[in-house]
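Descriptive analysis of the structure
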Amino acid sequence: QVQLVESGGGLVQAGGSLRLSCAASGRTFSRYAMGWFRQAPGKEREFVAAISSSGGRTYYADSVKGRFTISRDNAKNTVYLQMNSLKPEDTAAYYCAAAPEGTYYSVTYSLHNHYDYWGQGTQVTVSS
């Protein structure tokens, strides 16, 4: 069982930055791949970024590539999402998720049904 708690959301102007954190419970955090997803009102949940259990591989949605960076600190049981050059269209609730690591195609990490555990979400609002 893994429990996830996101933090770091807030209101920021376009062009600004935020760093989201996701703290995980349990001693097996290093065995889980981690992902960030987001959901805006009236829209489906969409993939943002993912990172392998060791941190050696990262994956990004095209819409955030070059602006967002996912990282993890296995000693702190925490995954981060650094968001720069924020745009109004980045406004959404952001969720972190965990999936047991395995041998998967890279596209698998972008599928929300690949993940077994989810946090409660943190709101990010970008004003124009």
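Topic: the packing of aromatic side chains
Tallying each qualifying case throughout the model produces seven aromatic pairs. Where Phe37 meets Phe47, the ring centres are 5.7 Å apart and the plane angle is 70°; that geometry is what we call edge-to-face. With a gap of ten residues between them, Phe37 in strand β4 (residues 32-39) and Phe47 in strand β5 (residues 46-51) connect regions that are remote in the sequence. The exposure class of Phe37 is buried, given its relative accessible area of 1%. Among the aromatic residues, those joined into a ring-pair cluster are Phe37, Phe47, Tyr115 and Trp118. For the cation-ring pair, Arg45 lies above Tyr95, with the distance from its terminal atom to the ring centre recorded as 4.0 Å. A cation over a ring is seen here: Arg72 above Phe29, with NZ or CZ 4.4 Å from the ring centre.

Points about the environment of Tyr59
Structurally, Tyr59 can be placed in strand β6 (residues 58-60). Among the polar contacts listed, one links the side chain of Tyr59 to the side chain of Arg57, at a separation of 2.8 Å.

Description of the state of the cysteines
Cysteine pairs can be linked by a disulfide, which is a covalent bond between their two sulfur atoms. Evaluated as defined, the whole model comprises one disulfide. Shown here is the disulfide that connects Cys22 with Cys96, its sulfur atoms set 1.9 Å apart. Here the disulfide of Cys22 and Cys96 is right-handed, its torsion about the S-S bond being about 45°. Here Cys22, found in strand β3 (residues 18-24), pairs with Cys96, found in strand β9 (residues 92-100); they are 74 residues apart in sequence, far enough to count as distant. Residues Cys22 and Cys96 agree in their burial class; the two are buried.

Scoring rules and cut-offs
Residues numbered from 1 in each chain as written. Predicted model: local features only at pLDDT ≥ 70, side-chain atom pairs only at ≥ 80, totals over all residues. Heavy atoms only, no water. Phe/Tyr/Trp six-rings, centres within 6.5 Å; stacked < 30°, edge-to-face > 60°. Helix = DSSP H or I, 4+ residues; strand = E, 2+ residues; numbered from the N terminus. Buried < 20%, exposed > 50% of the residue type's maximum accessible area, 1.4 Å probe, protein only. Lys NZ or Arg CZ within 6 Å of the ring centre and 35° of its normal. Polar contact = N/O pair within 3.5 Å; in protein donor to acceptor, adjacent residues only side chain to side chain. Disulfide = S-S within 2.5 Å.

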